[in-house]
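# Geometric and topological summary
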Amino acid sequence: MASSPFLGIAASITLLLVSLLLMRFFPLNPPPPTPPPPPAPGLFTAQNLALYNGTDDGLPILLAILGSVFDVTKGRSHYGAGGGYNHFAGRDASRAFVSGNFTGDGLTDSLHGLSSNQVKSVVDWRDFYFRTYIFVGKLVGRYYDSEGNPTKYLKGAEAKAARGAQLMEKQKNEEAKLPTCNSRWSQEEGSEVWCDNGYPRLVQRPLEMAITGKVSKRCACFTEDELNQPGLEVYEGCDHLSKLCRL
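The rules behind these values
- Residues numbered from 1 in each chain as written.
- Predicted model: local features only at pLDDT ≥ 70, side-chain atom pairs only at ≥ 80, totals over all residues.
- Heavy atoms only, no water.
- UniProt positions renumbered as here; feature names shortened; annotations may be inferred.
- Salt bridge = Lys/Arg side-chain N within 4 Å of Asp/Glu carboxyl O.
- Helix = DSSP H or I, 4+ residues; strand = E, 2+ residues; numbered from the N terminus.
- Pairing = 2+ DSSP bridges.
- Axes fitted to C-alpha atoms, helices over the stretch in contact; angles between N-to-C directions.
- Disulfide = S-S within 2.5 Å.
- Buried < 20%, exposed > 50% of the residue type's maximum accessible area, 1.4 Å probe, protein only.
- 1 Å grid on protein atoms, 1.4 Å probe; cavity = no way out; pocket = protein on both sides within 12 Å on 5 of 7 lines; lining within 4 Å.
- Points joined across faces, edges and corners; volume = space filled by probe spheres on them.
- Nonpolar A, V, L, I, M, F, W, Y, C, P; charged D, E, K, R; others polar.
- Core = buried A, V, L, I, M, F, W, Y, C linked by side-chain atoms within 4.5 Å.

In the annotation of an unreviewed UniProt entry, the entry for the protein chain reads Cytochrome b5 heme-binding domain-containing protein, and the organism field reads Rhododendron simsii. UniProt's Sequence similarities (unreviewed entry) comment on the protein chain is quoted here verbatim: "Belongs to the cytochrome b5 family. MAPR subfamily."

## Notes on the pattern of salt bridges
As a working rule, side chains carrying opposite charge can pair if their charged atoms are close by. Here the structure, examined in full by the defined rule, presents seven salt bridges. The salt bridge partner of E233 is K217, with a shortest N-O separation of 2.5 Å. Remark: K217 occurs in strand β8 (residues 217–222) and E233 occurs in the loop between β8 and β9 (244–246); sequence separation between them is 16 residues. Through salt bridges with shared partners, one network takes in R184, E192 and R246.

## So, the sheet that holds strand β5 (residues 182–186)
Pairing is antiparallel in the open sheet, where three strands are placed in the order β5-β6-β9. For this open sheet the edge positions go to β5 and β9, each flanked by a neighbour on one side alone. Here the average twist between neighbouring strands, direction ignored, is 20°. Bridge count between strand β6 (residues 190–194) and β9: three bridges; the pairing is antiparallel. Bridged to W194 within β9 is L244.

## Some points on the state of the cysteines
Under the defined criterion, the tally for this structure stands at three disulfides. Each sulfur in the disulfide pair C238 and C245 lies 1.9 Å from the other. Negative torsions about the S-S bond denote left-handed disulfides, and the value of about -70° found for C238 with C245 makes this one left-handed. For the pair formed by C238 and C245, the shared burial category is buried. When the cysteines of the protein chain that form disulfides are numbered from the N-terminus onward, they connect as 1-3, 2-4, 5-6.

## Let's talk about the layout of surface pockets
Taken as a whole, the largest pocket encloses approximately 170 Å³ of empty space. What lines the largest pocket is S110, L111, H112, G113, V119, R142, Y143, Y153, G156, A157 and K160. The greatest single-element share of the lining of the largest pocket, amounting to four residues, is contributed by helix α6 (residues 152–176). For the lining of the largest pocket, the residue count by class is five nonpolar, four polar and two charged.

## Things to note about the pairing of β6
Here β5 pairs with β6 via five bridges, running antiparallel. Bridge pairing in β6 links S186 to G190. Connecting β5 to the antiparallel partner β6 that follows it, the hairpin turn spans three residues.

## Quick look at the nonpolar core
With 25 residues, the main nonpolar core has L66, V72, L111 and Y129 as its most contacted residues. Among the elements of the structure, β2 (62–65), α4 (96–99), α5 (116–132) and α6 are those that each provide at least two residues to this core. Here the element with the most residues in this core is α5; it accounts for four residues. Counting residues in each nonpolar core, the second largest holds nine residues, with C181, C195, C221 and C245 among its members.

As structure tokens, then:
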């Protein structure tokens with residue numbers, strides 16, 4: 001029994017329709033997946049923020065500091081793949097802004113153990129990003145809760161930074177009461193300090209421990225009748241009444 005030519009035409013049309021349907025629903029080169037949106041307008045999770053780490057040229061580059069998220073795409077040469085600041089992209093690495101540790105545990109948002117001066121520096125960096133880049137939202141976690149409200153950690157960090165600023169201003173005012181030594185350095189003579197009026201002494205900075213977490217000293221000038229005060233240190237190898245000391 002001979003087959004009808006109409007059956008062959010119908011079969012060809014059916015095959016073509018099936019092919020078109022397959023190409024529509026199962027394309028040979030599917031488009032890249034669209035990154036998931038933030039969990040809520042202006043809010044990011046750590047997993048979501050990590051997608052914007054500068055490795056995909058089709059996506060903006062984001063970073064967070066103290067939980068505030070910024071679009072730093074205009075600085076792609078620095079924050080993109082291979083850039084000197086790429087370690088900040090796609091995460092909150094607040095601690096690294098002052099620690100200089102850009103690897104492993106150093107890339108963390110924890111400020112635990114930092115001095116008030118260091119925390120102030122992190123807050124200053126956040127202010128820099130507000131001035132320089134585009135603020136796009138908040139990172140849910142240590143510094144903002146799931147509704148975008150500041151946590152006790154953010155409030156504590158800001159309070160510690162404010163305290164650091166107050167202590168620095170107080171130390172500046174206290175040190176202004178004692179004339180600072182002159183100083184210079186040359187390859188031939190090395191370092192030397194001297195006083196135009198008075199005698200050079202090393203004196204501890206009273207607020208430095210609270211500000212930086214370390215003890216430090218500075219050179220100040222004292223008159224002869226002030227030299228019996230406790231806590232004054234003569235430079236090693238320098239005469240008691242010398243106005244110039246070589247270090």
